[in-house]
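Commentary on secondary and tertiary structure
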Amino acid sequence: MSGRTPLWLGLGLVAAGLVILVIAAVAGTAGPFGPGAGNPGGPGPMMGGRPGGATLPAPGSPGFVAGTAASPRVVQIVATAQLRFVPDAVPVKQGETVTFEVTTMGPTVHEFMVGPAADVAADTPGTPEIADIGMMETRSVTNTFDGPGPYAFACHATGHYEAGMVGTIAVVP
Ligand SMILES: [Cu+2]
């Protein structure tokens, strides 16, 4: 009994190591949002795309489908421990409704406010916002871009906006 235990222990460790390698390989190729989030017609993560962004056709590109109130377009954004949003520029079609799914990667808790750039810069009360997005948590907020812009998004956790945790939303006619 005691003589066989190290063998089983060793096999178990090898198996665990293989599982970790497979998980790492899948995560490395598919990104944080898993298979199916890629853009079949555009540049992928290996061709200049950024993780969490530019994975779907942008306004004006072939295949683009504008979001509606009944069926918002989903845009995934990663909030990083380096106090950045990825991507930090999101084009929207004039009048469309977009749901932002914001995921915090890392231990730093973030917020996500979206709306008119002046309101976002001033942290105006009433501007659509998600508060306290914890590590590996994904939360969403939906906004309709029916004005001329400019629009923006930002994190107003203490010191984050001042550190540059802000993104731009350009309205495409
Ligand atoms: Cu933040």
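The structure presented is a predicted model; accordingly, all values stated were derived computationally and were not measured.

This part takes up the overall build of the protein. Along the backbone of the protein there are two helices and ten strands. The helix and strand sequence of the protein, counted from the amino end, reads α-β-β-β-β-β-α-β-β-β-β-β. Scored against the burial criterion, the 173 residues of the protein give a buried share of 32%. Taking the intrachain contacts of the protein between residues at least 6 apart in sequence as the baseline, contacts between residues at least 24 apart amount to 67%. For the protein, the accessible surface area stands at approximately 9,700 Å², while carbon and sulfur atoms represent 66% of it.

Using the criterion set out here, one finds one salt bridge in the structure. The residue Glu96 makes a salt bridge to Arg73 at a minimum N-O spacing of 2.6 Å. Here the residue Glu96 occupies a position in the loop between strand E3 (92–93) and strand E4 (97–104), and Arg73 occupies one in strand E1 (residues 73–79), the gap between them amounting to 23 residues. Here Glu96 and Arg73 have matching classes, each one buried.

Let us now look at the confidence of the model for the protein. For the protein, the mean per-residue pLDDT works out to 78, and 68% of the residues sit at or above 70. Counting interchain partners and residues more than four positions distant, the pLDDT-below-50 stretch residues 1–54 has 25 contacts.

Here the copper ion is held by His110 (ND1), Cys155 (SG), His160 (ND1) and Met165 (SD), and the distances to it run 2.0 to 2.6 Å. What the four donor atoms of the copper ion show is an angle range of 90 to 133 degrees at the metal, which sorts the shape as tetrahedral.

Next up on the list: the side chain of Arg73. Looking at Arg73, the relative accessible area reads 13%, which means it is buried. Polar contacts involving the side chain of Arg73 include one to the side chain of Glu96, which spans 2.6 Å. Leave out the neighbours within four places in its chain, and Arg73 touches Pro59, Phe64, Val65, Gly67, Pro91, Val92, Glu96, Thr97, Val98 and Thr99.

Here Tyr161 lies in the loop between strand E8 (151–154) and strand E9 (166–169). Residues Tyr161 and Asp123, spaced 38 residues apart in sequence, show a C-alpha to C-alpha distance of 9.7 Å. Sequence-distant contacts of Tyr161, defined by excluding residues within four places in its chain, comprise Ala121, Ala154, Cys155, His156 and Val166.

To continue, consider a negative patch on the surface. Among the surface-exposed residues, Asp123, Glu129, Asp132 and Glu137 lie close enough to one another that they form a single negatively charged patch. Take Glu137: it is sitting in the loop between strand E6 (129–133) and strand E7 (138–144).

Criteria and thresholds
Residues numbered from 1 in each chain as written. Predicted model: local features only at pLDDT ≥ 70, side-chain atom pairs only at ≥ 80, totals over all residues. Heavy atoms only, no water. Helix = DSSP H or I, 4+ residues; strand = E, 2+ residues; numbered from the N terminus. Buried < 20%, exposed > 50% of the residue type's maximum accessible area, 1.4 Å probe, protein only. Contact = heavy atoms within 4.5 Å. Areas by Shrake-Rupley, 256 points an atom, 1.4 Å probe, with all protein chains shown as cover. Salt bridge = Lys/Arg side-chain N within 4 Å of Asp/Glu carboxyl O. pLDDT = per-residue confidence, 0-100. Donors = N, O, S within 2.8 Å, 3.2 Å for Na, K, Ca; no water. Tetrahedral: all angles 85-135°; square planar, octahedral: opposite > 155°, others 65-115°. Polar contact = N/O pair within 3.5 Å; in protein donor to acceptor, adjacent residues only side chain to side chain. Patch = residues over 30% accessible without salt bridge, like charges linked within 9 Å, V, L, I, M, F, W, Y side chains within 5 Å. Lys, Arg positive; Asp, Glu negative; His and termini not counted. Charge placed at Lys NZ, Arg CZ, Asp CG, Glu CD.

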